[in-house]
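# Structure assessment
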Amino acid sequence: MDFSLTEDQQVFRDHARGIAKMFEESYWQEIDKTERFAKEFWDMLAEKGILGIAIPEEYGGLGQGWLEQTIVTESLAEWGAGMDGSGMLVNGPVFGASLISHHGTDEQKEKFLPGLVKGDMWAGAFTEVQSGSNISAISTKAVLDGNDWVINGQKMFISQVGRSQYLIILARTQALDSEKKTSGVSLLYTELPNEGMEFQKLEKMGAHFLETGALFFDNMRVPKDNIIGKQGKAWGPLFDVLNPERFLIAATCVGTGYLCLRKATEFANDRKVWGGNPIGTHQGIAFPLAKAAIHLAGARLKVYEAAWLYDQGSPKCGIATAQAKYAACHAALEAADAAIQTFGGNGYIVETGLERHWRNLRLNRIAPITDEMALAFISQYELGLPRSY
């Protein structure tokens, strides 16, 4: 078993590091304060090939695996972008490229994948207020009317709609079957903007780099052929969104955790109080940082394993992804909190970036899947305990 990166993977990691270091802390502070889209950073990712790492070469991508995409995502976060920058990759490589690469028709691949390499963004409208993580209970419906699907319903906590070129919509296209609750659900898509929908922005504690809100569909019309995969069979293809989304976000957490840890250790090496040694010599400072480093290292291995299993098409990917996501978001929050404590009052000040990282990272305990749902899944499928939900 070889845990070292290949030469190509190291090149990708270093490439991402160089891109991230081109954008200073002040850039991300401005993005957070103004809540605007980091267009300059996104355009740079497209120019440097980052968005097409896992897209087949025949469509303009680099033809690599999701492990390589994960390594790059983590490196972008670690070397300056944090969640603010690397967290956006969900809206290209995941919602668009992963789904279409695995389940799109040849025509759909030819139409959409080259644009995703060049920077097209896709938003995903899955979550609803009442159903939450219970996808089988969604109430958004799509009914065929001639050559169009007519969609009615509401989605909540949907991000990047105003900045995306396309929107994936999870809708019920057949009546609920009490015996087969996950059947009858389809993945439709529409070009944006679409006059049949309304977006209402939500104000959030963090993740200001993502414009997030509620979507309302009022007889929104979508062409009949605008479906990915088979009608009523979205459950399988959906995991080619959910698993990459979760381990990619986990990689973002790990990278952001290491970013906070590096800031803290640099400060602890330089900061002197009472004219003595650097504060890092004191165990009260050093030990919390060391513990955070241990937990981040373990989470990183689990994230890489999840991405590797996905590339292998292994059924074990789901469990590994749930474990990786849980481990990564907790390890990263621990690192951010330890870094704030190391900086003392300065850690609470905007200029250090630490309070922003903590705010952003806190989201990942509830999205895209809550701690509780991850633990319930692991309890049932890894430990063999009775289903609890």
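Just above, that's the structure.
Let me sum up the structure you'll find in this document. If you're wondering where the values come from, they're calculated on a predicted model, not measured in any experiment. (Residues numbered from 1 in each chain as written. Predicted model: local features only at pLDDT ≥ 70, side-chain atom pairs only at ≥ 80, totals over all residues. Heavy atoms only, no water.)

## Things to note about the nonpolar core
As a rule of thumb, nonpolar side chains are buried together in soluble globular proteins. Which entries qualify depends on this criterion: The definition of a nonpolar core used throughout is a set of buried Ala, Val, Leu, Ile, Met, Phe, Trp, Tyr and Cys residues joined through side-chain atoms within 4.5 Å. Exposure classes here rest on a 1.4 Å probe applied to the protein chains alone. A residue is buried below 20% of its type maximum, exposed above 50%, and partly exposed in between. Note on conventions: DSSP H or I runs of at least 4 residues are helices, E runs of at least 2 residues are strands, and numbering of each starts at the N terminus. Residues count as neighbours in contact if any of their non-hydrogen atoms are within 4.5 Å of one another.
Counting 101 residues, the largest nonpolar core has F41, L45, L76, W122 and L170 as the members making the most contacts within it. At 16 residues, helix α7 (residues 235-270) tops the list of elements feeding residues into this core. Setting aside residues no more than four positions away along its own chain, F41 makes contact with I19, F23, Y27, W28, L76, A81, G85, S86 and M88.

## Considerations on helix α8 (residues 283-312)
How we decide: Expected span of a helix: the number of residues minus one, times 1.5 Å.
For α8, which comprises 30 residues, the first-to-last C-alpha distance of 43 Å matches the rise-based estimate of 44 Å (1.5 Å per residue) to within 8%. Turning to α8, its buried residues number three or more, namely I285, L289, A292, L296, A299, V303, Y304, A306, A307, L309 and Y310. At its buried positions, α8 is contacted by α1 (7-20), α4 (66-86), α5 (93-103), α7 and α9 (317-343). Two residues or fewer past α8, G313 is found with a positive phi of approximately 70°.

## Details of helix α6 (residues 106-118)
Because each turn of an α-helix spans 3.6 residues, side chains separated by three or four positions in sequence point in the same direction. With 13 residues, α6 ought to run about 18 Å at 1.5 Å a step, and its terminal C-alpha atoms sit 19 Å apart, in line with that. Of all the residues in α6, the buried ones are Q108, K109, F112, L113, G115, L116 and V117. Structurally, α6 contributes buried residues whose contacts are with α3 (39-47), α5, β1 (122-125), β4 (166-172), β5 (185-191) and β8 (227-228). In the stretch just after α6, G119 is the one whose phi turns positive, near 120°.

## A few points about the layout of surface pockets
The test is simple: The way it works is a 1 Å grid over only the protein atoms, where trapped points that fit a 1.4 Å probe form a cavity and open points with protein on both sides within 12 Å along at least five of seven lines form a pocket, and then any residue with an atom within 4 Å of a point lines it. Grid points are joined across faces, edges and corners, and a volume is the space filled by probe spheres set on the points. All residues other than Ala, Val, Leu, Ile, Met, Phe, Trp, Tyr, Cys, Pro, Asp, Glu, Lys and Arg, Gly among them, are scored as polar; the first ten of these are nonpolar and the last four charged.
Each pocket or cavity is described by its volume, and for the second largest pocket that value is around 340 Å³. Top contributing element to the lining of the second largest pocket by residue count: α8, with five residues. Partitioned by chemical class, the residues of the lining of the second largest pocket number nine nonpolar, two polar and two charged.

## Some points on a nonpolar patch on the surface
Heads up, the rule is: Patches here: salt-bridge-free residues with over 30% relative accessible area, like charges joined within 9 Å, nonpolar side chains (Val, Leu, Ile, Met, Phe, Trp, Tyr) joined within 5 Å. Calculation of accessible area relied on Shrake-Rupley with a 1.4 Å probe; when residues are assessed, cover is drawn exclusively from the protein chains displayed. Any Lys or Arg side-chain nitrogen located within 4 Å of an Asp or Glu carboxyl oxygen qualifies as a salt bridge.
A cluster of nonpolar residues, M1, F3 and L301, forms a patch on the protein surface that exposes about 450 Å² of accessible area. Mapped onto the fold, L301 is located in helix α8. For L301, a relative accessible area of 48% puts it in the partly exposed group.

## Focus: the packing of aromatic side chains
Which entries qualify depends on this criterion: Only Phe, Tyr and Trp rings take part, Trp by its six-membered ring, and two of them pair if their centres are within 6.5 Å. Stacked means planes under 30 degrees apart, edge-to-face means over 60, and tilted covers everything else. Throughout this description, the term charge over a ring refers to an Arg CZ or Lys NZ atom that lies within 6 Å of the ring centre and within 35 degrees of the ring normal.
Summed over the entire model, instances satisfying the criterion amount to 18 aromatic pairs. Here the aromatic rings of F23 and Y27 are separated by 5.0 Å at their centres, their planes lie at 55°, and the arrangement is tilted. For the pair shown, F23 and Y27 are each scored as buried. An angle of 85° between the planes, with centres 5.7 Å apart, marks the rings of F95 and F126 as edge-to-face. On the criterion of sequence distance, the pair formed by F95 in helix α5 and F126 in the loop between β1 and β2 (141-145) is long-range, its members being 31 residues apart. The same class applies to F95 as to F126, namely buried. Joined through ring pairs, the aromatic side chains of F23, Y27, W28 and F41 make up one cluster. Its end group placed over the ring of W79, R17 keeps NZ or CZ at 3.8 Å from the ring centre. Lying over the aromatic face of Y389, R387 brings its terminal NZ or CZ to 4.3 Å of the ring centre.

## Some remarks on a negative patch on the surface
The condition is simple: Lys and Arg are tallied as positive, Asp and Glu as negative. Neither His nor the chain termini are counted. All charge positions are set by atom: Lys at NZ, Arg at CZ, Asp at CG, Glu at CD.
Taken together, the side chains of E58, D106, E107 and E110 define an acidic patch exposed on the protein surface. The topology assignment puts D106 in helix α6.

## So, the pattern of salt bridges
On inspection of all chains with the given rule, the structure shows 18 salt bridges. Taking the shortest distance from any N to any O, the salt bridge between E25 and K263 comes out at 3.5 Å. Of this pair, E25 sits in helix α2 (residues 25-34) while K263 sits in helix α7, and the two are 238 residues apart along the sequence. Across the pair K39 and D43 runs a salt bridge, and its minimum N-O distance is 2.6 Å. In this pair, K39 and D43 both sit in helix α3, four residues apart, roughly one turn of the helix. The partly exposed category is assigned to K39, whose relative accessible area is 46%. Residue D43 is classed as partly exposed on the basis of its relative accessible area, which comes to 36%. Three or more residues are tied together by salt bridges with common partners; here these are R13, E74, E78 and R300.

## Details of the side chain of T190
Here is the rule we go by: A 3.5 Å cut-off defines polar contacts: any pair of N or O atoms within that distance qualifies, except that in protein one atom must be a possible hydrogen donor and the other a possible acceptor, and neighbouring residues in sequence count only when both atoms are side-chain atoms.
Looking at the secondary structure, you find T190 in strand β5. A relative accessible area of 3% places T190 in the buried class. Here the side chain of T190 touches N194 through a polar contact of 2.9 Å, side chain to side chain. Ignoring any residue separated from it by four or fewer positions in sequence, one finds T190 in contact with Q165, Y166, L167, I169, M220, V222 and N226.

## What to know about unusual backbone geometry
That bond from L192 to P193 is cis: its omega, 0°, falls within 30 degrees of zero. Each neighbour pair has its own omega, and for A367 with P368 the value is 0°, a cis peptide bond. If you check the backbone angles, E35 has positive phi at about 55° while not being a glycine. Residue position: E35 is located in the loop between α2 and α3. Its relative accessible area of 22% is what places E35 among the partly exposed residues. Here A207, not a glycine, exhibits a phi torsion of approximately 50°, which is positive. By secondary structure assignment, the location of A207 is in the loop between β6 (197-201) and β7 (212-223).

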